[in-house]
Amino acid sequence: MTNTMDRRRLLSTAVLGGAGLAGASVLGPLAPEAALAAEPVKLEPGAPDPNFAEGRVTSITGTVVLLAASDGALHRIQVTNGTSIWKFQPTTFDRLEKGDGMYVRGVRLPDGTLAADSLWANIVNLTAHIVSVGRNVLHLDHHGRRLVGHVVPGTTAAVYNGTPAISDVSLLRVGGHVQVIGAWHPDTNEISIATVYAAN
């Protein structure tokens, strides 16, 4: 049985949070792990980070992206030639689409627009256990919700017990607990796996 998981529920369980991101200029490579490893920005407790936005793309006009945030706020994002964009892998502005979920880090302009330094489209970072393993697919249980994780040959990497990443995912076992970083397929219960971390 396939259950469609909405963006808010899927992304709200992701470890990636507003205060935990930093721009690509600070992080170096735009690997998704880099976004998750950044030092938190110093803010007053409970204060929103003015240089971060999250939400789902409602429109793209020229180089301006409008996001509807999970808290109901609307964000205008200005993408520039210097914006680093990740959508399963480093990519270009023309790959962004209406309906994509985004995390954006940048600089707030006087008119309230966020000039994007780094943008992660559809990124997820979640924990799950493996229900079944198929050819280039992992069926996952994430807090009682079933997800289909697509292994992308030549791109997906596995990290076993903290060892260096390798492309061989054959050591993953049914029942094993994993952490998965990847890209959500909007309006589905499917993700493409960038990196899977497992303890074997």
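What you see is a predicted model, and the numbers here were worked out from it, not measured in a lab.

Caption draft 1: Structural context of the nonpolar core. By size, the foremost hydrophobic cluster in this structure holds 18 residues, and its most contacted members are Leu140, Leu172, Val178, Val180 and Val196. Taken together, the elements giving at least two residues each to this core come down to strand 8 (123–134), strand 9 (137–142), strand 10 (145–151), strand 11 (157–160), strand 12 (177–184) and strand 13 (190–198). Membership of the second largest hydrophobic core comes to 14 residues, among which are Ala53, Val57, Leu67 and Val79.

Caption draft 2: Representation of the packing of aromatic side chains in the model. All told, the structure shown has one aromatic pair when counted by the stated rule. A ring pair is formed by Phe52 and Tyr103, whose centres lie 5.9 Å apart and whose planes are at 25°; its orientation type is stacked. Of this pair, Phe52 sits in strand 1 (residues 52–61) while Tyr103 sits in strand 6 (residues 101–108), and the two are 51 residues apart along the sequence. For the pair shown, Phe52 and Tyr103 are each scored as buried.

Caption draft 3: Looking closely at the side chain of Ser192. Here Ser192 shows up in strand 13. Reaching out from Ser192, the side chain makes a polar contact with the side chain of His185 at a distance of 2.8 Å. When near neighbours in sequence (up to four residues on either side) are disregarded, Ser192 contacts Phe88, His150, Val152, Gly182, Ala183 and His185.

Caption draft 4: Quick look at the environment of Gly62. Position of Gly62 relative to the elements: it lies in the loop between strand 1 and strand 2 (64–68). Residue class for Gly62 comes out exposed when judged on its relative accessible area of 58%. Separated by 17 residues in sequence, Gly62 and Val79 place their C-alpha atoms 9.2 Å apart.

Caption draft 5: Looking closely at the pairing of strand 3 (residues 74–78). Residue alternation in strand 3 divides its side chains into a buried set, His75 and Ile77, and an unburied set, Leu74, Arg76 and Gln78. Where strand 2 meets strand 3, five bridges bridge the pair, whose relative direction is antiparallel. Of the residues in strand 3, the one forming a bridge with Leu67 is His75. Bridge count between strand 3 and strand 7 (residues 114–121): two bridges; the pairing is parallel. Paired with Gln78 across the bridge in strand 7 is Ala115.

Caption draft 6: Structural context of the pairing of strand 1. Pairing geometry for strand 1 and strand 6, over five bridges, is antiparallel. The residue of strand 6 that forms the bridge with Glu54 is Tyr103. Here strand 1 runs beside strand 2; their pairing, made up of five bridges, is antiparallel. Across the sheet, the residue bridging to Arg56 is Ala68, located in strand 2. Hairpin remark: strand 1 followed by strand 2, antiparallel, with two residues in the connecting loop; positive phi at Gly62, about 60°.

Caption draft 7: Structural detail: the pattern of salt bridges. Counted under the stated rule, the structure contains five salt bridges. For the salt bridge of Asp187 with Arg56, the shortest nitrogen-to-oxygen distance reads 2.7 Å. Of the two residues, Asp187 sits in the loop between strand 12 and strand 13 while Arg56 sits in strand 1, which places them 131 residues apart along the sequence. The salt bridge involving Asp100 is made with Lys87; its shortest N-O contact spans 2.9 Å. Taken together, the positions of Asp100 in the loop between strand 5 (90–91) and strand 6 and Lys87 in the loop between strand 4 (84–86) and strand 5 put the pair 13 residues apart, joining distant regions of the chain. In this pair, the class of Asp100 matches that of Lys87, namely buried. Among the charged side chains, a salt-bridge network with shared partners connects Lys87, Glu97 and Asp100.

Cut-offs applied
Residues numbered from 1 in each chain as written. Predicted model: local features only at pLDDT ≥ 70, side-chain atom pairs only at ≥ 80, totals over all residues. Heavy atoms only, no water. Core = buried A, V, L, I, M, F, W, Y, C linked by side-chain atoms within 4.5 Å. Buried < 20%, exposed > 50% of the residue type's maximum accessible area, 1.4 Å probe, protein only. Helix = DSSP H or I, 4+ residues; strand = E, 2+ residues; numbered from the N terminus. Phe/Tyr/Trp six-rings, centres within 6.5 Å; stacked < 30°, edge-to-face > 60°. Polar contact = N/O pair within 3.5 Å; in protein donor to acceptor, adjacent residues only side chain to side chain. Contact = heavy atoms within 4.5 Å. Pairing = 2+ DSSP bridges. Salt bridge = Lys/Arg side-chain N within 4 Å of Asp/Glu carboxyl O.

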